[in-house]
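# Structural features, examined
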Amino acid sequence: CFTRLRFNLADNSKADINQLKSINGVLNAQFQGDQLQVIVGNSAGSIYQELKELIGDTGSQTAAKKEKKQNPVNIVFDTISGIFNPMIAAITGAGLLKGILSLLMFLGVINDQSTEYLVLNMISDATFYFLPFLLAFSAARKFKTNEYVAVSLAGILMYPAFAGLVGTEESIRFFFLKIPVLDYSGSVLPIILGVLLLSFVYRFIDKYMPKMLRLIFTPLFSLIVVAPIVLFIVAPIGNYL
């Protein structure tokens with residue numbers, strides 16, 4: 001739900017729930033698992049930006065430390081919400097347009113052979129077809145890795161020459177590997193898991209790479225290592241799940 005602010009507190013006992021509930025604009029406040037959630041409605045995004053400026057890096061570090069103490073289920077849901085929340089506007093806009101388009105077709109205002117349908121369908125479908133790109137950028141921010149390398153990884157999964165083999169080839173050879181040929185358009189887990197792997201590999205390489213070479217060679221070696229693993233193992237498993 002994108003109508004609530006989520007807090008991972010250093011000390012839960014210091015949260016005054018009744019005082020929070022009395023604040024103008026706060027609809028409710030409660031602990032969900034080990035996480036404090038303050039329901040504020042559609043203004044959550046703007047309030048979050050204000051809080052981020054007030055709390056700064058210290059707050060982020062406190063939250064990160066607290067996050068390690070959460071149970072695995074809470075961590076998973078916190079990760080999912082952290083990835084999808086920034087994309088809500090694009091998904092909502094495109095989804096509503098799909099609904100309007102279906103209504104217009106039902107009423108006979110337009111038909112699926114018209115150029116009007118083509119353009120409206122293109123506008124509404126692009127967000128979902130190219131969802132891996134949006135997810136890559138959002139997941140990279142959540143996992144604290146390079147957003148543009150993550151988007152490049154999504155581009156590898158969506159590469160036209162590779163996507164064009166779907167339905168004609170079951171796999172392609174890459175040295176000793178047999179990479180499954182699958183359609184990743186509109187998929188969710190393959191790129192999220194891929195970016196998660198990228199975050200570990202990128203940090204590891206960057207840690208040992210000389211500073212003067214990081215700009216060029218950290219992204220290079222990260223893609224060389226991560227892309228084949230994602231294509232061979234991670235993305236197919238994510239697609240299956």
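Residues numbered from 1 in each chain as written. Predicted model: local features only at pLDDT ≥ 70, side-chain atom pairs only at ≥ 80, totals over all residues. Heavy atoms only, no water.

This paragraph deals with the nonpolar core. Soluble globular proteins tend to bury their nonpolar side chains together. Of all hydrophobic cores here, the largest spans 31 residues; its most connected members are Leu135, Leu157, Ile191, Val195 and Val230. Mapped by element, the contributors of at least two residues to this core are α6 (131-142), α7 (147-157), α9 (189-208) and α10 (214-240). Per-element tally for this core: the top contributor is α9, with 7 residues. In contact with leucine 157, not counting residues within four places along its chain, are Phe162, Tyr184, Pro190, Ile191, Val230, Leu231 and Ala235. Among the nonpolar cores identified, the runner-up in size contains 8 residues, and Leu5, Leu9, Val26 and Val40 belong to it. (Core = buried A, V, L, I, M, F, W, Y, C linked by side-chain atoms within 4.5 Å. Buried < 20%, exposed > 50% of the residue type's maximum accessible area, 1.4 Å probe, protein only. Helix = DSSP H or I, 4+ residues; strand = E, 2+ residues; numbered from the N terminus. Contact = heavy atoms within 4.5 Å.)

So, on to the pattern of salt bridges. Following the criterion strictly, the structure yields 4 salt bridges and no others. Between lysine 98 and aspartate 125 there is a salt bridge whose closest N-O contact spans 3.0 Å. Here lysine 98, found in helix α4 (residues 88-106), pairs with aspartate 125, found in helix α5 (residues 115-129); they are 27 residues apart in sequence, far enough to count as distant. (Salt bridge = Lys/Arg side-chain N within 4 Å of Asp/Glu carboxyl O.)

A separate point is the environment of alanine 227. Its place among the elements puts alanine 227 in helix α10. Once the C-alpha coordinates of alanine 227 and leucine 153 are considered, the two residues, 74 residues apart in sequence, prove to be 6.7 Å apart. When neighbours within four sequence positions are excluded, alanine 227 is seen to be in contact with Leu153, Ile156 and Ser222.

Turning to the pairing of strand β4 (residues 171-174), a few remarks are in order. Both β4 and strand β5 (residues 177-180) contribute to a ladder of 4 bridges, which runs antiparallel. Counted as the bridge partner of arginine 173 is lysine 178 from β5. If you look at the hairpin formed by β4 and β5, you'll find 2 residues sitting between the two strands, and phenylalanine 175 has a positive phi there, around 55°. (Pairing = 2+ DSSP bridges.)

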